[in-house]
Amino acid sequence: MIICFVGIIATICLMVSWKKDVNRNIHIKKNIDKYIKTDINDNIKINFKELKSINSDTVGYIKVPNTNVDYVVVKGNDNEYYLKHDFNKEYNVAGWIFTDYRNKVDGTDNNLVIFGHDTDDGTMFGSLSNLLNEEIFSKNNNTLIIDFVTDKVQKKYQLFSVYTIAPEEYYIKTNFIDNEFEKFKEEMKERSIYKIDVDLKNKNILTLSTCQNYGAIRLVIHAVEI
C-alpha cells in the first residue's frame, strides 16, 4: 500500500509539473508570436533577427493547416536537449519544436525532420493526431499544404503520408547515397493510412514526428516539397 501511495503521489507531481510547463510554453509562444506576420497574399514574414536574439538556435517557423502547429523551430546539438528545454533554454518537460541536429536547414536537406511532444491540450505537436481522423483528413485530402520558413527561403510541402509506427530510426534518416532516397520516399508513401497520389521523384521532403500512447508508438507525417 505504501508503494502504491508513493507511486500515486509521484504521478500527481509529474502531472502538475507537466501542466505548469505546458502553460509556460503557451506564455512563451504568445510573447514570440509578435515576430510572425502574414500579409494579404499569405506570405509569412518572420523577424528572425529578434527571434535569434532571444534564442540563437532559431532556424525556422512551421505551420500545419487544421492543427495548432504554428511554431518557431529551433535546432540543438543533439535530439535530446529540446525534448526538455523550452524556447528560452530553460528546463521544461514539455520541450519545444526542433529539427534533427543532423539537418542543415539551408533548403538542401533531402529529409528535413522536425520533432515535438504530443500533448493532451493540443499544444506543440499534440494536434497532429487530427490527421488520423479520416473525417478531418477527407475535407482536405492531398491538398494539405505545410509552410516552413527560414531566414533564407519560404517552402511549401504537400502531405503524402500519415501513419503510426513503433519507435525506429529509419524514417528520420537524413543522409542518403545513390538511389536510396527515392526508394525511401516510396516506402514512406506505402506506409500511409491514406492513399495520396502525389509525385515524389527528385523532390525533398519534410517529416514531422511525435509520440503517441505515452511513447509506445510514433505518429509520423511526411510531406513533399512543391
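On a predicted model such as this, the values are computed, not experimentally measured, just so you know.

Scoring rules and cut-offs
Residues numbered from 1 in each chain as written. Predicted model: local features only at pLDDT ≥ 70, side-chain atom pairs only at ≥ 80, totals over all residues. Heavy atoms only, no water. Salt bridge = Lys/Arg side-chain N within 4 Å of Asp/Glu carboxyl O. Helix = DSSP H or I, 4+ residues; strand = E, 2+ residues; numbered from the N terminus. Patch = residues over 30% accessible without salt bridge, like charges linked within 9 Å, V, L, I, M, F, W, Y side chains within 5 Å. Areas by Shrake-Rupley, 256 points an atom, 1.4 Å probe, with all protein chains shown as cover. Lys, Arg positive; Asp, Glu negative; His and termini not counted. Charge placed at Lys NZ, Arg CZ, Asp CG, Glu CD. Buried < 20%, exposed > 50% of the residue type's maximum accessible area, 1.4 Å probe, protein only. Core = buried A, V, L, I, M, F, W, Y, C linked by side-chain atoms within 4.5 Å.

> Hey, could you go over the pattern of salt bridges for me, with residue numbers and the actual values?
Counted under the stated rule, the structure contains 14 salt bridges. Between Asp-21 and Arg-24 there is a salt bridge, and its shortest N-O distance comes to 2.8 Å. On the criterion of helical spacing, the pair formed by Asp-21 and Arg-24 is a turn pair, its members being 3 residues apart in helix H1 (residues 2-32). In this structure, a network of salt bridges that share partners links the residues Asp-21, Arg-24, Asp-86 and Glu-90.

> Requested: an account of a negative patch on the surface, with residues and values cited.
A surface patch of like charges, here negative, comprises Glu-186, Glu-190, Asp-197 and Asp-199. Note on placement: Glu-190 falls in helix H4 (residues 180-191). Accessibility expressed as a relative area gives 57% for Glu-190, which makes it exposed.

> Summarise the nonpolar core; cite the residues concerned and give the values.
Core analysis: the biggest nonpolar cluster contains 60 residues, and Ile-62, Trp-96, Ile-114, Ile-146 and Leu-208 have the highest contact counts within it. In terms of residue count, the dominant contributor to this core is strand S8 (residues 154-165) (6 residues).

By themselves, these figures tell us nothing about what the structure is for.
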